[in-house]
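Residues per chain, in single letters:
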Amino acid sequence: MRDKIDILVSNGLIVTMNEERRVVENGYVAISGDRIVDVGVGDGKDKYIAEEVIDARKHIVLPGLMCAHTHFYGLLLTGSPWFSKIEPPTDFQQNLQRIWWALDVLLSNEDAYASALMGSIEFVKSGVTFFFDNISAPNAISGVLDYIEKAVNEVGLRGYLSFEATQRRSLQEGVEGLRENERFIKKNNFDESKLVKGAIYLHASFTVSNDLFLKARELADKYRALLSIHAEEGLVDVYHNIERYGIRPIERMEKLGFLKDDVILVHVVNATDDEIKIIKKTGAHVAHNAMSNMLNAVGVAKVPEMIEQGINVGIGNDGYIFDHFENMRSTYLIHKVWRKDPRIMTPLQILEMSTVNVARMFKVWKELGSIEAGKKADIVLIRPELPSTPVNSKTVYGHLVNTVNSRDVKTVIVNGRLVMKDRVILNVDEEKSIDYIHKVVEKLWDRLVEKGEYQLDVLDKP
Ligand SMILES: [Zn+2]
């Protein structure tokens, strides 16, 4: 008797990312409903009758990749005429004042929806099935997360959505930001059927008062929600805290009782060795965004040291490049050149930082992050188009980091449901969506060129 199942992925090179990091050559994955029910050797056809059989010959079968930190709205500015209207920023703080804060005050619900649609399409096309988005839109606070949720659901991804609580303009605006997070958490986090959940997001310690830190901590405890915050991305964060509080950002967060194992510290570029010890002690996690750090010229985070100390680090994109393979490759390379040591960062570590580590960070390791019987079925099929050497159990990690790119991602399954097959996105019309997104972007750029201004008053508040 063969068991009836929904999907049988057959004859693939299965990179399980289970505890033993088992790789199965010529193996199968059996999926029933939203779960993986079996992983084994062979085509699986002697054990299962499936509604849909996916031939995975010459394919790598991976757990869905996870992006530890993103901003969908970061996609809206590529090539914008705004860049030719401003004096080019010379540091991180001016980057915010002249570019990102000039943009975010003009964002509407429709901009949020369009950027989330674009980002979700790009994620699927590069094999990312789960992400943590952080939006800033001070003039579209209440309800904006519903617009992002709509786009993510249309494409069919799993995600955490959060709104930026910041007091750069007023103390009250920070409270309103938290309120939007709380509203969304109450709406989604206790409903098992929802793939999109809420989380809490504070901008950074140089735009947040002690009071707001404590309010965010209280909310996270009350709803068992995740917290994310940019930490020591630029020097302004460090100087602000030393000037106002006499201590550095991560020291201040610890003193306030804010840091726990539900906190995702984003960037951590300028942390001292003592601060890294604090992160380890509190169990907080780190989202590393190598390409964004390069673009913004903020420096190189001490990721190898953090990993050595046992801190959990995952790879994010910070809203810059959504091709996850480029982010993996950059993470693989940047620490070698920075430390002048080619031994630093292995391909397997890079893959862990995109799967199991992020599953731990997102507190879903029992359900996601690896291909194992009983886990949720988030699975990606990759066919390397131009592998220069054989792709097998011994070479696969090297190929994933060195030769594969997102165009090799062919088929994506989220929660047992196909969302892309043979590179065709199944739930939305890709071409129509992109035409629509471009129209929204052009309207936004018109507003930006007409009304955009530097946001300079920002650091005087908390
Ligand atoms: Zn960010």
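Just above sits the structure.
Owing to the predicted nature of the structure, the values given are computational and were not obtained by experimental measurement. (Residues numbered from 1 in each chain as written. Predicted model: local features only at pLDDT ≥ 70, side-chain atom pairs only at ≥ 80, totals over all residues. Heavy atoms only, no water.)

Engineer: What should I look at first to understand the nonpolar core in this one?
Structural biologist: Across soluble globular proteins, nonpolar side chains show a tendency to be buried alongside one another. Grouped together as the largest cluster of nonpolar side chains are 121 residues, with contacts concentrated most on Leu-202, Phe-258 and Leu-265. Here this core spans two domains, since at least three of its residues come from each of domain 1 (3-63 + 377-425) and domain 2 (65-361). Setting aside anything within four residues of it in sequence, one finds Phe-258 in contact with Leu-202, Phe-213, Ala-216, Arg-217, Leu-227, Ile-229, Met-253 and Val-263. Among the nonpolar cores identified, the runner-up in size contains 17 residues, and Val-24, Ile-36, Val-61 and Ile-379 belong to it. (Core = buried A, V, L, I, M, F, W, Y, C linked by side-chain atoms within 4.5 Å. Buried < 20%, exposed > 50% of the residue type's maximum accessible area, 1.4 Å probe, protein only. Domains from an automatic or database assignment. Contact = heavy atoms within 4.5 Å.)

Engineer: Help me understand empty space enclosed by the protein, please; the structure alone is not making it clear to me.
Structural biologist: If a probe the size of a water molecule is rolled over the atoms, the empty space left behind becomes visible. If you walk through the whole model with that rule in mind, you get one cavity of 30 Å³ or more. One number sums up the size of the largest cavity: a volume of about 30 Å³. Around the largest cavity sit Pro-63, Gly-64, Met-66, Leu-368, Gly-369, Ser-370, Lys-376 and Asp-378, which together line it. The residue makeup of the lining of the largest cavity, split by class, is three nonpolar, three polar and two charged. (1 Å grid on protein atoms, 1.4 Å probe; cavity = no way out; pocket = protein on both sides within 12 Å on 5 of 7 lines; lining within 4 Å. Points joined across faces, edges and corners; volume = space filled by probe spheres on them. Nonpolar A, V, L, I, M, F, W, Y, C, P; charged D, E, K, R; others polar.)

Engineer: Teacher, can you tell me more about the coordination of the zinc ion here?
Structural biologist: Six octahedral donors around a metal ideally sit at 90 or 180 degrees from one another, while four tetrahedral donors ideally sit at 109.5 degrees. Coordination of the zinc ion by the protein is provided by His-69 (NE2), His-71 (NE2), His-230 (NE2) and Asp-318 (OD), with metal-donor distances spanning 1.9 to 2.1 Å. Given four donor atoms and angles of 97 to 145° at the metal, the environment of the zinc ion is assigned as irregular. Donor residues for the zinc ion, ordered by position in the chain, follow H-x1-H-x158-H-x87-D. Residue His-69 is located in strand β6 (residues 65-70), and its partner His-230 is located in strand β11 (residues 227-231); the two are separated by 161 residues in the primary sequence. Here His-69 matches His-230 in class, with each residue buried. (Donors = N, O, S within 2.8 Å, 3.2 Å for Na, K, Ca; no water. Tetrahedral: all angles 85-135°; square planar, octahedral: opposite > 155°, others 65-115°. Helix = DSSP H or I, 4+ residues; strand = E, 2+ residues; numbered from the N terminus.)

Engineer: Even after reading the chapter, I still don't get the packing of aromatic side chains, so can you show me in this structure?
Structural biologist: Two aromatic rings, taken as a pair, are described by how far apart their centres are and by the angle between their planes. For the coordinates displayed, the defined rule picks out 15 aromatic pairs. Members of the aromatic cluster, each reached through a chain of ring pairs, are Phe-72, Phe-123, Phe-131 and Phe-322. Above the ring of Tyr-245, the side-chain terminus of Arg-252 is found at 3.8 Å from the ring centroid. The side chain of Lys-336 reaches across the aromatic face of Tyr-332, ending 4.2 Å from its centre. (Phe/Tyr/Trp six-rings, centres within 6.5 Å; stacked < 30°, edge-to-face > 60°. Lys NZ or Arg CZ within 6 Å of the ring centre and 35° of its normal.)

Engineer: So what exactly am I meant to see when it comes to unusual backbone geometry here?
Structural biologist: In this structure, Met-17 takes a positive phi of about 55° despite not being glycine. Topologically, Met-17 is positioned in the loop between β1 (3-15) and β2 (23-32).

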